Amino acid sequence: GFCRDHNVPNRPCGSLVCLWPWDADDDASNVDGSKKSPQNKLEKVARESWDAGDTHAAILSTQEVKRLEPNLSPECQGAVHIKGEIVLDPWLFPMALLVQARENGLTVYTHFQYLAPESHFNEKEKVWTMYRKTSDVGAVPTTEMNTSDSPVPGRIRARVVINATGINCDLTQSDTANCPPATWKSRPRRGQYRIFNMTDKTRFECPIQPVPSHFSKGIFVFSSLYNQIAVGPTALDQESRTDREPDEAVAAQLSNLGTKILPGLDPQADVVGEYVGIRPGTDRRDFQIHAHPERRWISAAGIRSTGLTASLGIGRYVIKSLLPTMLDTSDCGNEGIILAQLPSLERIIADFKARDDGYVTLYGHDYRVTHPLTALGWTHYK
């Protein structure tokens, strides 16, 4: 697979969808009003996996869960074992995609703050002109392809635009002239995590998740590749698209949940960090992937939970199914593609620690390590 071919660190381990006595369940009753048994609830989870084609999913008893993960709380009432799950580094996976693309001719411009109101689509040429904001105050579009103070171009001409701007996808689309309006609205969903060191009393392999609800998959407890335990994320809708300040009360709740699932966890002595991420939720349940051939515009919005798992499939769908409605892609095959593998994990971490500036070098380019799980893991890795 991709991880093997590109040397992306990962750990095949499976996951456990556990039933806990403290978890509320909106579907706790049968049609006749009687209470669902733990076995009923686990069978529902397993059935969904089987129906999706995962024939290896299996229901485990309390005793079987204990044998698989002896450090888990004995209050677990059983679990569904999803055997095909893996744990990987959440930052190195997209970096592997970027390195592969760059080694095959991709040009990357960072610090390109998009100036949506001035950008436009030329109907005759069927070409977009995308302008960059050149200053914080009184910004105006520049007519030069490159500005004197930056190697980043002042404008980019494009035959097709793919809008994958995360939580701001709807604003990017609605603010751009000649662009079809977004048919969804972004709804930022806040996810807070708490990170702990792993000890012999808390060592485990399988990510632990509760029986999911219609609203959320719930709060996970999982071990990273770097001997750390993550508890999270929460799922709280908020108005702000930028507020990532951890909440003390939520942090206490996450610590409490961690100790309930892993009784050997010391929430004071073992904690090493915390962070908040903002999911690009929308007012629709599904991912919002749309093509507008008449405007040479593709939207890939609302890519939240399972987005990493789905990313290769989403990319293939956009390139193989949507892009051909706008361009001739007959020459977009795999012939002549250079396979770019990441350096060894040990070498990358050694570079990160030696530099001590939050960056690593991959194939001659410097990248800031932006994912807290990766940065915390590498900082404390021995």
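Everything below is about the structure shown above.
Everything quoted here is computed from the prediction, not taken from an experiment.

Q: In this structure, what is going on with unusual backbone geometry? I would like to understand it.
A: With glycine set apart, most residues show a phi of negative sign, and most peptide bonds adopt trans. The amide bond that connects glycine 232 to the next residue, proline 233, takes the cis arrangement and shows omega of 0 degrees. Residue position: proline 233 is located in the loop between β13 (228-232) and β14 (236-237). Even without glycine at this site, lysine 126 takes up a positive phi of about 60 degrees. Locating lysine 126 in the fold gives a position in the loop between β6 (120-122) and β7 (127-131). The partly exposed category is assigned to lysine 126, whose relative accessible area is 30%. Phi angles above zero are rare outside glycine, and asparagine 227 is one such case at about 60 degrees. Turning to its location among the elements, asparagine 227 is positioned in the loop between β12 (220-223) and β13. Here asparagine 227 falls in the partly exposed class, since its relative accessible area comes to 40%.

Q: Mind showing me how you'd approach the pairing of strand β2 (residues 15-18) here?
A: Regular strands place side chains that alternate from one sheet face to the opposite one. Alternating positions in β2 separate into two faces, Ser15 and Val17 on one and Leu16 and Cys18 on the other, with burial throughout. The pairing of β2 with strand β4 (residues 79-82) spans four bridges and is classified as antiparallel. Bridge pairing in β4 links valine 17 to valine 80. Pairing analysis gives three bridges linking β2 to strand β11 (residues 208-210), with the strands arranged parallel. Residue pairing for β11: leucine 16 is matched across the bridge by isoleucine 208.

Q: Got a minute to help me understand the pairing of β4 in this structure?
A: Residues Ala79 and His81 line one face of β4 and the alternating positions Val80 and Ile82 line the opposite face, and both faces are buried. As defined by bridge partners, strand β3 (residues 58-60) adjoins β4 across three bridges and the pair is classed as antiparallel. Across the sheet, leucine 60 pairs through a bridge with alanine 79, a residue of β4.

Q: Please explain the pattern of salt bridges as it appears in this structure.
A: Two side chains of opposite charge can pair, provided their charged atoms sit close to one another. Enumeration according to the criterion identifies 14 salt bridges in this entry. The partner of glutamate 205 in a salt bridge is arginine 11, with the nearest N and O atoms 3.0 Å apart. Here arginine 11 lies in strand β1 (residues 10-12) and glutamate 205 lies in the loop between β10 (186-197) and β11, a separation of 194 residues in the sequence. In this structure arginine 11 comes out as buried when scored by relative accessible area, which is 15%.

Q: I would appreciate a short explanation of the sheet that holds β6 in the present structure.
A: If you walk across this open sheet you meet the three strands as β6-β7-β8, and the pairing is antiparallel. Pairing within the sheet leaves two strands with one partner each, and these edge strands are β6 and β8 (155-158). Ignoring strand direction, the axes of neighbouring strands in this sheet form an average angle of 20 degrees. Where β6 and β7 come together, three bridges link them in antiparallel fashion. Bridging across to β7, phenylalanine 121 finds its partner in tryptophan 128.

Q: Would you take a moment to explain the side chain of threonine 374 for this structure?
A: Structurally, the position occupied by threonine 374 is in helix α9 (residues 372-380). For threonine 374, a relative accessible area of 0% translates into the label buried.

Q: Explain the side chain of threonine 202 to me, please; I cannot follow it from the model alone.
A: Position of threonine 202 among the secondary structure elements: in the loop between β10 and β11. Looking at threonine 202, the relative accessible area reads 0%, which means it is buried. A distance of 2.9 Å separates a polar side-chain atom of threonine 202 from the backbone nitrogen of threonine 199. Apart from the residues within four sequence positions on either side, threonine 202 is in contact with Asn71, Asn197, Ile229, Leu262, Gly264 and Leu265.

Q: Sorry if this is basic, but what is going on with the packing of helix α8 (residues 345-355) against α9 here?
A: When two helices pack together, their arrangement is given by the angle between the helix axes and by the axis-to-axis distance. One can describe the packing of α8 onto α9 by two numbers: an axis separation of 10 Å at closest approach and a directional angle of 85 degrees. Judged by the inter-axis angle, α8 sits roughly perpendicular to α9. For the pair formed by α8 and α9, the contact residues are Leu345, Ile348, Ile349, Phe352 and Lys353 on the first element and Ala375, Trp378 and Thr379 on the second. Considering only residue class, the contact of α8 with α9 consists of six nonpolar, one polar and one charged.

Q: Even after reading the chapter, I still don't get the sheet that holds strand β9 (residues 161-163), so can you show me in this structure?
A: Consider a sheet: its strands pair through backbone hydrogen bonds, and that pairing is either parallel or antiparallel. With mixed pairing, the three strands of this open sheet are ordered in space as β9-β17-β16. Where the open sheet ends on each side, the last strands, each with one partner, are β9 and β16 (288-292). Averaged over neighbouring strand pairs, the angle between their axes works out to 10 degrees when direction is ignored. The pairing of β9 with strand β17 (residues 297-301) spans three bridges and is classified as parallel. Across the sheet, residue isoleucine 162 finds its bridge partner in β17, namely isoleucine 298. This element, helix α7 (residues 307-322), spans β9, β16 and β17 of the sheet and lies at about 20 degrees to β16.

Conventions adopted
Residues numbered from 1 in each chain as written. Predicted model: local features only at pLDDT ≥ 70, side-chain atom pairs only at ≥ 80, totals over all residues. Heavy atoms only, no water. Helix = DSSP H or I, 4+ residues; strand = E, 2+ residues; numbered from the N terminus. Buried < 20%, exposed > 50% of the residue type's maximum accessible area, 1.4 Å probe, protein only. Pairing = 2+ DSSP bridges. Salt bridge = Lys/Arg side-chain N within 4 Å of Asp/Glu carboxyl O. Axes fitted to C-alpha atoms, helices over the stretch in contact; angles between N-to-C directions. Polar contact = N/O pair within 3.5 Å; in protein donor to acceptor, adjacent residues only side chain to side chain. Contact = heavy atoms within 4.5 Å. Parallel < 35°, antiparallel > 145°, perpendicular 65-115°, else oblique. Nonpolar A, V, L, I, M, F, W, Y, C, P; charged D, E, K, R; others polar.

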